[in-house]
Amino acid sequence: MADQPKLVIELFRHGARGPVYTNGEPYWRGKEGKLTDAGKAQHFIAGVKLMQRYPHLEKILMQPGKMYLQTTMSSRTQESLQAHLWGLFFGKLAKIDEFDIFDPNFYQKFKESQTAKLYFNPEIYEKKAKNFVPTQIHMTPMREEYELLITEICPRVRKMLEPSKQKDLEHFMRKIAKMIHAELGIELSPTEIRDFYDLQVANLFEGQPIKGNLKPDSELWKYIKAAGDYYVMSERFGSAKQRNILGVPLLTKIGNFLENAKKDTQDYSLVLLSAHEFTLMTFLASLDIIHPDCIRNKLEGNEDRTLCHAPYFASSILIELWQREGGHQVRMLYDGEPIPFCGKEDGFCDYDFVKGVFDRITSRYSMEDVKRKCGRGARKDRVSIENNLLTF
């Protein structure tokens, strides 16, 4: 039995970034949506941990054709991928300090650590890079990036939510807006709650002050975050139809990697896909691993699964293909926690079971169906696409 997986696919969200909407705060002028130093450090640590989890991958850095790298054309996903690769170089170089990269105070602790001395040492990069085999990085123009950006280039997707669910969503968000006004004296529309949280969490990662008496460990903070997550997930993944359509391109790509590795018709041992929050949501929601209701139920105390959360900065999904006694198996992990996809707590599922689920979803719609349902033809939809691409 193999003690390391035959193929590792990692789909990850970019690291901490500047807020898209800054509310005029001067600190963020010119940094809107850009990867911060904290975001780079998050992915450096994530890359180190990836190599330490799979030490057999060290040799592929020196072998051509063993890695497949893909990123969107956003600078923050490109820079996150670069930092992730730096971490891979360091993976077996030295023991690193323990960090929780999802902790907003992470970077303040990181800068004072021994690990930071390695991270900021250009001589070590130079030495390690000599053994690295250059690898092609795949990118698709944003307007055609169905695999990693489908939620943002499909202008019709948010119109697929049933009216009753839309009404309930608006009612819930107004309730949260009233809570914010009562405690902070701030008037926010339901659509502004997510942007408000986005700004505050960016400030936390940078050590900047957050609004008023809002505290990261408070009940209000928990409600603001969950409400924003619930809103964006409901808009995009609130119905089965949305989840089915949006999952087709990404599940097809990942399914092909798994199938080709199983049949030994590809050389890749590692696939890295650097993307966005909604990319991870697409994968998780299309497989019904997380969905809007579980986010809301968890907030209201009716859901206890730790897996039920929207992706954080630098969150990742690992998909492993193993050749074990009795055949091939697939295991998936979300932020390091096994996903009991087939009901098994350790996450190991028979390959045929996983393939069957992927095939049922991807066979419902062809790529032409997906493009047509996304509404890529009308001029007014093209304008919507351009606006969406500014904010993902």
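See the structure above.
Throughout what follows, the structure given in this document is the object of discussion. (Residues numbered from 1 in each chain as written. Predicted model: local features only at pLDDT ≥ 70, side-chain atom pairs only at ≥ 80, totals over all residues. Heavy atoms only, no water.)

On to the pattern of salt bridges. Any two side chains of opposite charge can pair, on the condition that their charged atoms come close. Summed over all chains, the structure comprises 17 salt bridges. We note a salt bridge from K222 to E219, for which the minimum N-O separation is 3.2 Å. One end of the pair, K222, and the other, E219, are both in helix α9 (residues 219-237), 3 residues apart, so they sit about a helical turn from each other. Accessibility expressed as a relative area gives 39% for K222, which makes it partly exposed. A salt bridge links E259 to K263; the shortest N-O distance between them is 3.0 Å. The class for K263 is exposed, based on a relative accessible area of 51%. The network of salt bridges with shared partners includes R13, R194, K225, D229 and E277. (Salt bridge = Lys/Arg side-chain N within 4 Å of Asp/Glu carboxyl O. Helix = DSSP H or I, 4+ residues; strand = E, 2+ residues; numbered from the N terminus. Buried < 20%, exposed > 50% of the residue type's maximum accessible area, 1.4 Å probe, protein only.)

Here the focus is the state of the cysteines. Throughout the structure, instances matching the rule amount to 3 disulfides. Each sulfur in the disulfide pair C154 and C374 lies 1.9 Å from the other. The chirality of the disulfide connecting C154 with C374 is right-handed, given an S-S dihedral of about 55 degrees. Taken as a pair, C154 in the loop between α6 (146-153) and α7 (163-184) and C374 in helix α14 (residues 367-374) lie far apart in primary sequence, 220 residues in all. The same class applies to C154 and to C374, which are both buried. With its sulfur 1.9 Å from that of its partner, C294 forms a disulfide with C308. Torsion about the S-S bond of the C294 and C308 cystine: about 105 degrees, corresponding to right-handed handedness. Taken together, the residues span a long stretch of sequence, with C294 in helix α12 (residues 292-299) and C308 in the loop between α12 and β5 (316-324) at a distance of 14 residues. Among the residues examined, C308 registers a relative accessible area of 2% and is labelled buried. (Disulfide = S-S within 2.5 Å.)

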